[in-house]
Amino acid sequence: MTAKFIPSIPLATALALVLAASPALSQDTSETAAPPAAPTETGIQTQLVAASAAEAVGDFITARQIYVTLAEAGSADAQLNAGILMIEGKGGPRDMAEASRLIEAAAAQDHPAALRIAGQIEMANAGKLGMTAKARAYWARAAELGDGDAAYRLGQLMLRQSPQEDGAKALDLIRFAAENDHIAAQFRMSELLSQGRITPARPEEAISWLSKSANAGYPEAQFYMAQAIESGAVTPKSGDATEVALNWFRRAADGGFARAQRVMGGKYLKGDAGLEPNIDEAMRFFRLAAAQGEPGAQFNLGVLLASGTQVQQNLPEAVSFFQAASERGMADASYRAGFLLETGGPGLPVNINRAFEFYVRADQQGSEDARLRLGELAAANVMGDRIAPHDTVPWVLHAAGQGHEEALSWLETEADKGMREAMHALGAFYISAASEGDEPRDIEKAAAWYAKASQADYPQSQIEYARLLSQGQGVEQDYLAAHKWFNIAAARGIAEAAPLRDALTDLMDPEDIASAQAEASAFFDHIRAQPIPKRDEGE
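Residues numbered from 1 in each chain as written. Predicted model: local features only at pLDDT ≥ 70, side-chain atom pairs only at ≥ 80, totals over all residues. Heavy atoms only, no water.

When you go through the protein residue by residue, the secondary structure sums to 28 helices and zero strands. Computed over C-alpha atoms, the radius of gyration of the protein comes to 35 Å, more than 25% over the 24 Å expected from 2.2 N^0.38 for 539 residues, which places it beyond the range of a compact globule. In terms of overall dimensions, the protein has C-alpha extents of about 110 × 60 × 55 Å along its principal axes. Among the 539 residues that make up the protein, the fraction classed as buried is 46%. Sequence separation of at least 24 residues holds for 50% of the intrachain contacts in the protein that already meet a minimum separation of 6. Roughly 27300 Å² of accessible area belongs to the protein as shown, and the carbon and sulfur atoms make up 50% of that amount. Looking at charge distribution, the protein has the averaged site of its 46 positive side-chain charges lying 4 Å from that of its 71 negative ones. (Helix = DSSP H or I, 4+ residues; strand = E, 2+ residues; numbered from the N terminus. Rg over C-alpha atoms; globule rule 2.2 N^0.38 Å. Buried < 20%, exposed > 50% of the residue type's maximum accessible area, 1.4 Å probe, protein only. Contact = heavy atoms within 4.5 Å. Areas by Shrake-Rupley, 256 points an atom, 1.4 Å probe, with all protein chains shown as cover. Lys, Arg positive; Asp, Glu negative; His and termini not counted. Charge placed at Lys NZ, Arg CZ, Asp CG, Glu CD.)

Right, let's talk about helix H18 (residues 331–343) for a bit. The first and last C-alpha atoms of H18 sit 19 Å apart over 13 residues, in line with the 18 Å expected at 1.5 Å per residue. Turning to H18, its buried residues number three or more, namely Ala331, Ala333, Ser334, Tyr335, Ala337, Gly338, Leu340, Leu341 and Glu342. Phi turns positive, to about 65°, at glycine 344, one or two residues after H18. (Expected span 1.5 Å × (residues − 1).)

Here we come to the nonpolar core. Among the nonpolar cores identified, the biggest contains 84 residues, and Met264, Leu340, Met383 and Leu411 are the most heavily contacted of them. Ranked by the residues each element gives to this core, the list is headed by helix H13 (residues 241–254), at seven residues. With sequence-adjacent residues up to four places away left out, leucine 411 is seen in contact with Val393, Val396, Leu397, Ala400, Ala422, Ala425 and Leu426. In this structure, Leu48, Ala118, Ala170 and Ala184 belong to the second largest nonpolar core, which totals 55 residues. (Core = buried A, V, L, I, M, F, W, Y, C linked by side-chain atoms within 4.5 Å.)

Attention now goes to the side chain of threonine 62. Examined against the element boundaries, threonine 62 turns out to sit in helix H3 (residues 60–72). Reaching out from threonine 62, the side chain makes a polar contact with the side chain of aspartate 59 at a distance of 2.7 Å. (Polar contact = N/O pair within 3.5 Å; in protein donor to acceptor, adjacent residues only side chain to side chain.)

See the structure below:
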């Protein structure tokens, strides 16, 4: 936040004004001094200059005293500036309640900056509730008075909260801010006009706004200008396109835009765009981007520090960077962190528990490598008591499908012990093709395992076995048995089973339907009569 009233005056003049305005240096020692007269407009402006001068030399105590005095006299500029100093805790204790009171008083006088900041305070107080009517009113009034930043903020919030209802109005507000040299609004106009969601796409105007924002120094606009030139979407007016794009990337990176820093790191790493390979510069840019949470840069640092081929190997730091990228959703980073912790190395002890956690996260994020490794570890009985065996079945099945013989053997062993999940997995394994376009591995074995799991009351197998029975695949076609298992699967909560059962009913005699229903009922009676099996703790 910055005060509206910030005059530019020489330092000597500033010091003189501070000395003249400081209450502590008043020369009036008379016990019968007359009460001071109400300050004139000229006097208020002089005192505001003095307060601003005090701020310029770091004397926030004096500045705050002057602003508070003038604020009580009704100066909107002083109310705003006193409030800002109270928010920042300068010249005295931080006092949000009094700051809010003073800024709202300035806003009530139609002070544009005070209206904008009052809206910001209202939004901060609302938290996750979003834009309140009060904040909207503050920003709308500030925009009417010509405050471009308030117009931009209001337009942005309208687009987030009610784009269909307020899209056109939001676009007008953002355009107003852009036309008044608000560089973030100029960039936003380039996005809106290129997307064509709020208004029909206008690519040429979008590029024009992007260029204005980039030339005005907005790092994000500079980054996208670089991308547009590099991709050939924009032709520079002069100079080699590769050099011009590189210059924009560098300006965006120097301006602190994390993605640009990551791109510059990559160009120095590879020697791209005419640059000589420079690992020191690559690491510098990657570290700048990583410090801002850019996952690609964090991942790249992890790779470089783990390999130790271009920089000194540092496995603990590599894990730290992989973890940071993992937390931002990068599956390969999660997998690599798990692999390093599983294998260990110089300075990094083996930690299977942490490795397992990263592998599980990587699997959840979609890593095929992590799922395969989890299956391999489970098949090798490395999991111990970290997870119940039946919960590892999807991983082991994946490993088996990738040709891991130990995984297939594990499934068969566990199925023979009575694990229903393993029986079903074996059915899924044998009914699947070894390669895309191939026939099933062994549909008769698939049917046999689905049948066994169905008898063990595993619903997912019951519907699959019913399908095979109804189609005569891997087993003799039997509508009565198929109806029975579709019926049982439907009763167990498999939603698609009931329509399949009903469709089969049209092909059966009433006597067969009655027999199928009787067999399903007998199955339920049999299951209810069985003792409840003990499951591993946590199942």
